Amino acid sequence: MKVLVPVKRVIDFNIKPRVKADGTGVETAGVKMSMNPFDEIAVEEAVRLKEKGIATEIVAVSIGVQQAQDTLRTALAMGADRAILVLTDVAVEPLGVAKVLKALVAKESPDLVILGKQAIDDDMNATGQMLAGLLGWAQGTFASKVEIADGRAVVTREIDGGLETVSLALPAIVTADLRLNEPRYASLPNIMKARKKPMETVAPGDLGVDVTPRLTIVSVAEPPARKAGVKVESAADLVARLRNEAKVI
Amino acid sequence: MTVLVLLDHEAGAIRQASRSAVTAALALGDVHALVTGDAAVAAAAARIPGIAQVLRATDAGSAHDLAEPLAALVASLAGEYSHIVAASGATAKNVLPRAAALLDVQPIPDVVSVVDAETFVRPIYAGSALATVRSSDAKKVLTVRASNFDPAPAEGGSAAVRDVTAPEAPAVSEFVSIERSKSERPELDSARVIVSGGRGMQNEENFKRLEPLADRLGAAIGASRAAVDAGFVPNDYQVGQTGKIVAPELYIAVGISGAIQHLAGMKDSKVIVAINKDPEAPIFQVADYGLVGDLFEVLPQLEAALDKAG
Ligand SMILES: Cc1cc2nc3c(=O)[nH]c(=O)nc-3n(C[C@H](O)[C@H](O)[C@H](O)COP(=O)(O)OP(=O)(O)OC[C@H]3O[C@@H](n4cnc5c(N)ncnc54)[C@H](O)[C@@H]3O)c2cc1C
Ligand SMILES: Nc1ncnc2c1ncn2[C@@H]1O[C@H](COP(=O)(O)O)[C@@H](O)[C@H]1O
């Protein structure tokens, strides 16, 4: 079974993003970039499926600028077999990403696509669901457990009131939540090996996909800042202030 | 313009978050509501003032809110609507992007403010920035943050109810089971007070030490990702960028450091209290009231102080 894993290059989760002074976006120049944390979890899940003998090939895909190659190399070092860079300078929205992925699915015929549940830059939480819709495939989003058996994927999902389990006909789409697994670190020998793994580059146009954004960014602003308040001396002081000053209890 | 709002329900009642979505939708035009579930749920929806018509999905697939039939249903109904709106939450996030793809629309998640019919404000980068975006799509598909819109009243309206069914399609997914985390407490997304615990609670047993405080305050209980990952509490307690977004009157963070991903979920709370033994913990930078100390000593003192204050 072939697994496709889309991985996005984003500002590292440890870095606090800064809004550009001209209000057009968030500063990325000279900022540390990494693989979206949810996508590491997606890659890890695919690699575990391969280690269990269920997956036979893992193809990592990234849509973005040339440097997204680094993100793909990380996926290869974690255990993906080959990579496809869909090269574009456009900040492609989930709809465009889903269309690119649909075109790649037509070429690659995977049985499973595992995405992250959410990219931590745009916080859209949409691409996997949209790809599933475009393909007419079943979707198991926010997955905390995935089991493949008898041509189906049984997915446990994190929902508002607890956990839900659904059974999906393959081929299917899964999006990874935080508790699906703990991604491995790529070992040095695997990082070396990843350099020799195949990486192909295509353009959205080669796939016949128009990735023009539908949303125009009017402005990007700093949210209103919260000021640090006061330190209180004791529990009794706290209760008194919550009652008399803040009037919330 | 007429707007279709997807309503979420629990135990026969329309969730408060969905009533906030109704408020957001009323700013855009006339409102029709789509509900799954039994006749009682549809009747509850019909009583929300401002809703002109209730569409009740009656087929089996939608009973468990499976994404595939529900998205197909939403897309099939979309023709007459300018906007499709729901409160951000697990169901809407599962279903609406899929419906949007079927409509060739780029969805706009987590709207915190409606500028006009095409223009919306939404947080990006875990709330580190607020983006104002304008959609060029013919229809708009959006989810709204409930905490940014006052809930519409639950009673007072009397809309007509009409049954609708999803278009025929092969069933690619099946519902297997649901494991509900049981709680007698208020729901996180509508609680007036929330007491949240982090890794500092140490273990599942100690996490329960938050309960006497929550009892006294009538509070919901939340948690950081670290506390959920460590198994102290179920996943749906998580507050943050990738958990629940809350904005209660009072948020008490106990043994939580205040990582940006956690702050993303609670920094709009009216009053924030932090209890942490590390005076340098970043949570103190957003807290209105900070108490530096060992939580295991502070918690019983707080209970005593509350009892004394009566
Ligand atoms: C992609 C991604 C998404 C994430 N999403 C979320 C999210 O939605 N929500 C979320 O919360 N996190 C999220 N995180 C994780 C986040 O980065 C932090 O790791 C997490 O919030 C830390 O939880 P914590 O504050 O409980 O633990 P820690 O950071 O370990 O802090 C524990 C705190 O407890 C204090 N403490 C310890 N013992 C005591 C004591 N006896 N008395 C008083 N204080 C004590 C310590 O001083 C410390 O400040 C996400 C991370 C990533 C990468
Ligand atoms: N530009 C991209 N390249 C590769 N994968 C992407 C890209 N954008 C989104 N994805 C995938 O879609 C998931 C959800 O992203 P989003 O819908 O933007 O929150 C991510 O975790 C990735 O797996």
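Rules of the game
- Residues numbered from 1 in each chain as written.
- Chains lettered and ligands numbered in written order.
- Predicted model: local features only at pLDDT ≥ 70, side-chain atom pairs only at ≥ 80, totals over all residues.
- Heavy atoms only, no water.
- UniProt positions renumbered as here; feature names shortened; annotations may be inferred.
- Near = heavy atom within 4 Å.
- Polar contact = N/O pair within 3.5 Å; in protein donor to acceptor, adjacent residues only side chain to side chain.
- Areas by Shrake-Rupley, 256 points an atom, 1.4 Å probe, with all protein chains shown as cover.
- Helix = DSSP H or I, 4+ residues; strand = E, 2+ residues; numbered from the N terminus.
- Domains from an automatic or database assignment.
- Buried area = accessible area lost by both parts, 1.4 Å probe.
- Salt bridge = Lys/Arg side-chain N within 4 Å of Asp/Glu carboxyl O.

Looking up chain B in an unreviewed UniProt entry gives the name Electron transfer flavoprotein subunit alpha, with the organism given as Gluconacetobacter johannae. The record held by UniProt for chain B lists under Sequence similarities (unreviewed entry) the comment "Belongs to the ETF alpha-subunit/FixB family." Chain B has a UniProt comment under Function (unreviewed entry) that states "The electron transfer flavoprotein serves as a specific electron acceptor for other dehydrogenases. It transfers the electrons to the main respiratory chain via ETF-ubiquinone oxidoreductase (ETF dehydrogenase)."

With an unreviewed UniProt entry as reference, chain A is termed Electron transfer flavoprotein subunit beta, source organism Gluconacetobacter johannae. The UniProt entry for chain A carries the following text under Cofactor (unreviewed entry): "AMP".

Contacts to ligand 1 come from 29 residues, most closely from R199(B), S224(B), Q238(B), S257(B) and N276(B). In this structure, ligand 1 sits where chains A and B come together, each supplying nearby residues. One of the side-chain nitrogen or oxygen atoms of Q238(B) is found 2.8 Å away from an oxygen atom of ligand 1. In this structure, G255(B) approaches ligand 1 through a main-chain N or O atom, which is 3.0 Å from an oxygen atom. Its free accessible area being 990 Å², ligand 1 has 87% of it covered by the protein chains.

Here the focus is the UniProt feature "domain: Sigma-54 factor interaction" (unreviewed entry) in chain A. Taken from the UniProt record, the annotation "domain: Sigma-54 factor interaction" (unreviewed entry) applies to residues 58–227 of chain A. For residues 58–227 of chain A, helix accounts for 25% and strand for 36%, while the C-alpha atoms at its two ends are 48 Å apart.

All names here are of chain B. Taken domain by domain, chain B comprises domain 1 (2–164) and domain 2 (188–309). Put simply, the middle of domain 1 and the middle of domain 2, counted by C-alpha atoms, are 30 Å apart. Roughly 730 Å² of surface becomes buried between domain 1 and domain 2 when both sides are summed, with 51% attributable to carbon and sulfur atoms. For domain 1, the biggest contributors to the area lost against domain 2 are A126, R145 and S147; these three give 54% of the whole. Linking domain 1 to domain 2 there are one salt bridge. The closest approach of N and O atoms between R15 and D189, which form a salt bridge, is 3.4 Å. Counting the contacts that link domain 1 with domain 2 gives two residue pairs in polar contact (both at pLDDT 80 or more).

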